[in-house]
Amino acid sequence: MGIKRICCIGAGYVGAPTMAVIALKCPHIDITVVDIDIEKIKKWNGPIEHLPVYEPGLSEIILKTRDKNLFFSNEIENSIDNAEMIFIAVNTPTKLSGEGAGMAADLSYVESSAKTIAKSSKSDKIVVEKSTLPVRTAEKIKEILNKNNNSVNFEVLSNPEFLAEGTAIEDLFKSDRVLIGGDKTKSGLSAVQSLVNIYKNWIPIDKILTVNVWSAELSKLASNAMLAQRISSINSLSALCKKTDADIEEVSKAIGMDKRIGTEFLKVSPGFGGSCFKKDILNLVYLCQHYDLNEIADYWKGVLTINDFQRSRIFNIVNTFIKKYNLKKEISILGWAFKKNTDDSRESSSIYVASHFLKEGYIINIYDPKVKNDQIKKDLVMLKHTSKDLNQQINFFNSLELITNTKSPLLIMTEWDEFKSLNTNKHKLRIFDFRNILNNSKLTYRF
Ligand code: UDX
Ligand code: UDX
C-alpha cells in the first residue's frame, strides 16, 4: 500500500525531527504531528526562532515543509482517523511508582496513545512504535488496540529511532541502518513493506533491515547499552590513567586504532547523559531480572555504577583542590546540556555534579549557550538536594566572558565549541577540562 497520510503522536525531540525529514523526503505524503501539550504545538506553529526543540538544521526543514505537507495540530482524534499510518513517539520515562519503580519504563503514555488510536480509528491502521520500548511491548499495544476496537485491523510495527540529539537531522539523512520489525503474517509483511517504501525515498535499500518485532525492540535497548558501555569503559580507564601516569587520550587513540574496536564513542567525559542511556539500561536490567538472569542484570548495572562514580569523582577532584588551596567554596560550571549542539539537559552530568557541590554548601555559577535558566532550576529542584535556598546558591551568566570574570574554578562539563576559545594561558590555573577539549596538558586538571 502506498501511504499518503501519516499521523505522529508526540512532537518532542524524536517525533518532530523524524517527521520533518520524512515530510522533506516524501512530498507526496501529508504528515500531521499531534501532541497533548497545547503550548508545544503553538510553538511548532509559531516563529521559526522559537521552536520548542533546538537541533542544527531543523528549522530550515520546518520552513520548507510546514503547512505544505507537514502540520502540527492538537486535533488528536481527527488526525489519527485521517491517517493510514500512525507513529507513537511519546516519551517513556523510568517508572516512579508501582511494580518496577526506578527501573522499568513507564508505558502509560504509550498505552494511552494506543487507546486513543483504537477509539479514533474508523479504518485499518498501521501503528508504528517509534519510542524506545521494552521487548514485547508490541504485544501489549496490540491487545489494547483490539480490546478497544474490534471493527478495524491494526498492524503493529517496531521502528526504533537511532538518531542522536545534536546530529538528529544528519543521522536521519544518512542512517547507518533503518530497523523495521513486524509480524511474519501476510498483513504484517505488507505493513512492513509500506514503511520500507517510505524510507526507500532516501535510504539505500541495503541499509533497511527488516526483522521480527521482538528483535527490533530489543536491538534498540541493546544498541544504547553497548554504546553506554563503551563510555563507562573509557571513563573507568581514565581513573586508572591518573594513578599510573598514563594519558587517557593516548590510551583511547591506541585502543581505537584497532579496527575491531573502532574510534567512535571512546571519548572520556564527565559521564554520559541524555534521555536514553540510563533509562534503557535500567530497562534492560529490569528485563534480565524478570527472566531470572540476575548475573546479566548485574553486569549491565555496572555500566551505570561507573557513570555515577565518574560524577562523584569530579566533585572529589575539585573539592580537594579547593580545600588544598583554601579557596572560597565557589565553582563555575561551563555547560549544562548533556552534550553540545542541543538545548536538552535530561540526565546531564552537570546536574549531578552540581548537586554534589550544592550539598556541600558551594556557590555555583552556571553558563550554557542554549539551555534556559528556568530549565536549569527545574533540573536542580527535581533532584531535591540543596542544603540552602537554591536561589541563594546559584548564579546564572549569559556569556562565557562574564562567567570567567568570577575568578572561581572553571569546570568544562559540555564540549561546546565556544569553550575552545577559553584563554588557556590566562585561566590555566583554574581550568578543569572534563571533556579534554582544550589543547593544553598543563591545565589544573584534564582527564
Ligand atoms: C523519545 C522517545 O520517544 C523515547 O522513547 C526515547 O527513549 C527518548 O526519546 P523524546 O522525543 O525525547 O522521547 O521525548 P519528548 O521530547 O519528551 O517528547 C515526547 C512528546 O510526547 C512530548 O511533547 C509530550 O507532550 C508528548 N506526549 C506525551 C503526547 O503527545 N501524548 C502523551 O500521552 C504523552
Ligand atoms: C543516543 C544514541 O547515540 C542514539 O543512537 C539513540 O537513538 C539515542 O541515544 P543521544 O542520547 O542523543 O543518542 O546522544 P549521544 O551522542 O549518544 O550521547 C550520549 C551521552 O554520551 C552524552 O552525554 C555524550 O556526551 C556522552 N558521550 C558520547 C561520551 O561521554 N563519550 C563519547 O565518546 C560519546
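One can find the structure itself at the top, above this paragraph.
Residues numbered from 1 in each chain as written. Chains lettered and ligands numbered in written order. Predicted model: local features only at pLDDT ≥ 70, side-chain atom pairs only at ≥ 80, totals over all residues. Heavy atoms only, no water.

Observations concerning the overall build of the protein
Scanning the protein for helices and strands turns up 17 helices and 14 strands. On C-alpha atoms alone, the protein measures out to a radius of gyration of 23 Å, which is about the 22 Å that the 2.2 N^0.38 rule sets for 447 residues. Counting only C-alpha atoms and orienting by the principal axes, one finds that the protein spans roughly 75 × 50 × 45 Å. Expressed as a percentage of the 447 residues in the protein, the buried residues total 53%. Of all intrachain contacts in the protein linking residues separated by at least 6 positions in sequence, the fraction that spans at least 24 positions is 72%. When the accessible surface of the protein is split by element, carbon and sulfur atoms take 52% of a total near 21,100 Å². (Helix = DSSP H or I, 4+ residues; strand = E, 2+ residues; numbered from the N terminus. Rg over C-alpha atoms; globule rule 2.2 N^0.38 Å. Buried < 20%, exposed > 50% of the residue type's maximum accessible area, 1.4 Å probe, protein only. Contact = heavy atoms within 4.5 Å. Areas by Shrake-Rupley, 256 points an atom, 1.4 Å probe, with all protein chains shown as cover.)

Some points on the pairing of strand β1 (residues 5-9)
Along β1, four of the five residues are buried, which leaves the element largely enclosed by surrounding structure. The pairing of β1 with strand β2 (residues 30-34) spans five bridges and is classified as parallel. Note that in β2 the partner of R5 across the bridge is D30. Crossover connection from β1 via helix α1 (residues 15-25) to parallel β2: handedness right-handed. (Pairing = 2+ DSSP bridges. Right-handed = clockwise from strand over helix to strand, strands pointing away.)

Let's talk about the pattern of salt bridges
Counting across every chain of the model gives 20 salt bridges. Note that K328 and E330 form a salt bridge whose closest N and O atoms lie 2.7 Å from each other. Looking at K328, the relative accessible area reads 61%, which means it is exposed. Bridged by salt links that share partners, the residues D81, K122 and K125 form one connected network. (Salt bridge = Lys/Arg side-chain N within 4 Å of Asp/Glu carboxyl O.)

What about the packing of helix α6 (residues 137-148) against helix α9 (residues 213-244)?
Running from N to C, α6 and α9 point in directions that differ by 125 degrees, and their axes come no closer than 9 Å. Relative to α9, α6 is oriented oblique. Taking contact as the criterion, the partners of T137, A138 and E139 in α6 are, on α9, V213, W214 and E217. A per-class count over the contact of α6 with α9 returns three nonpolar, one polar and two charged. (Axes fitted to C-alpha atoms, helices over the stretch in contact; angles between N-to-C directions. Parallel < 35°, antiparallel > 145°, perpendicular 65-115°, else oblique. Nonpolar A, V, L, I, M, F, W, Y, C, P; charged D, E, K, R; others polar.)

Some details on unusual backbone geometry
With phi around 55 degrees, N326 is a residue other than glycine that occupies positive phi space. Examined against the element boundaries, N326 turns out to sit in the loop between α12 (294-324) and β9 (330-334). Positive phi, close to 60 degrees, is recorded for E347, a residue that is not glycine. Mapped onto the elements of the fold, E347 is located in the loop between β9 and α13 (349-359). Residue classification places E347 among the partly exposed residues on the basis of a relative accessible area of 25%.

Quick look at the site of ligand 1
D35, K40, T132, K279 and R346 are the nearest of the 20 residues found near ligand 1. Contact between ligand 1 and K40: an oxygen atom at 2.7 Å from a side-chain N or O atom of the residue. In the model, an oxygen atom of ligand 1 is placed 2.8 Å from a nitrogen or oxygen of the R346 side chain. Starting from 690 Å² of accessible surface for ligand 1 in isolation, the protein chains cover 91%. Here the shell around ligand 1 is composed, by residue class, of seven nonpolar, eight polar and five charged. Each of domain 1 (5-211) and domain 2 (252-437) contributes no fewer than three residues to the shell around ligand 1. (Near = heavy atom within 4 Å. Polar contact = N/O pair within 3.5 Å; in protein donor to acceptor, adjacent residues only side chain to side chain. Domains from an automatic or database assignment.)

Notes on the site of ligand 2
If you check the shell around ligand 2, you find 20 residues, and the closest are E165, S269, F338, K339 and R435. Note that an oxygen atom of ligand 2 is positioned 2.9 Å from one of the backbone N or O atoms of L163. K220 places a polar side-chain atom, nitrogen or oxygen, 3.4 Å from an oxygen atom of ligand 2. Within the complex, the protein chains bury 91% of what would otherwise be the 670 Å² of accessible surface of ligand 2.

Let's talk about the nonpolar core
Among the nonpolar cores identified, the biggest contains 48 residues, and I331, W336, F357, I364, L380, L411 and F434 are the most heavily contacted of them. The residues contacting L411, other than those within four sequence positions of it, are V318, I331, S332, I333, L334, V353, F357, F432 and F434. In this structure, V53, A168, L172 and W202 belong to the second largest nonpolar core, which totals 45 residues. (Core = buried A, V, L, I, M, F, W, Y, C linked by side-chain atoms within 4.5 Å.)

Structural notes on the state of the cysteines
One way to say it: the disulfide is the covalent bond shared by the sulfur atoms of two cysteines. Enumeration according to the criterion identifies zero disulfides in this entry. For the unlinked cysteine C7, the closest cysteine sulfur is that of C8, found at 7.1 Å. No disulfide involves C288; its sulfur sits 18 Å from that of C276, the nearest cysteine. (Disulfide = S-S within 2.5 Å.)

Quick look at a positive patch on the surface
A contiguous patch of positive charge, built from K43, K370, K372 and K378, is present on the exposed surface. Along the chain, K378 falls in helix α14 (residues 373-383). (Patch = residues over 30% accessible without salt bridge, like charges linked within 9 Å, V, L, I, M, F, W, Y side chains within 5 Å. Lys, Arg positive; Asp, Glu negative; His and termini not counted. Charge placed at Lys NZ, Arg CZ, Asp CG, Glu CD.)

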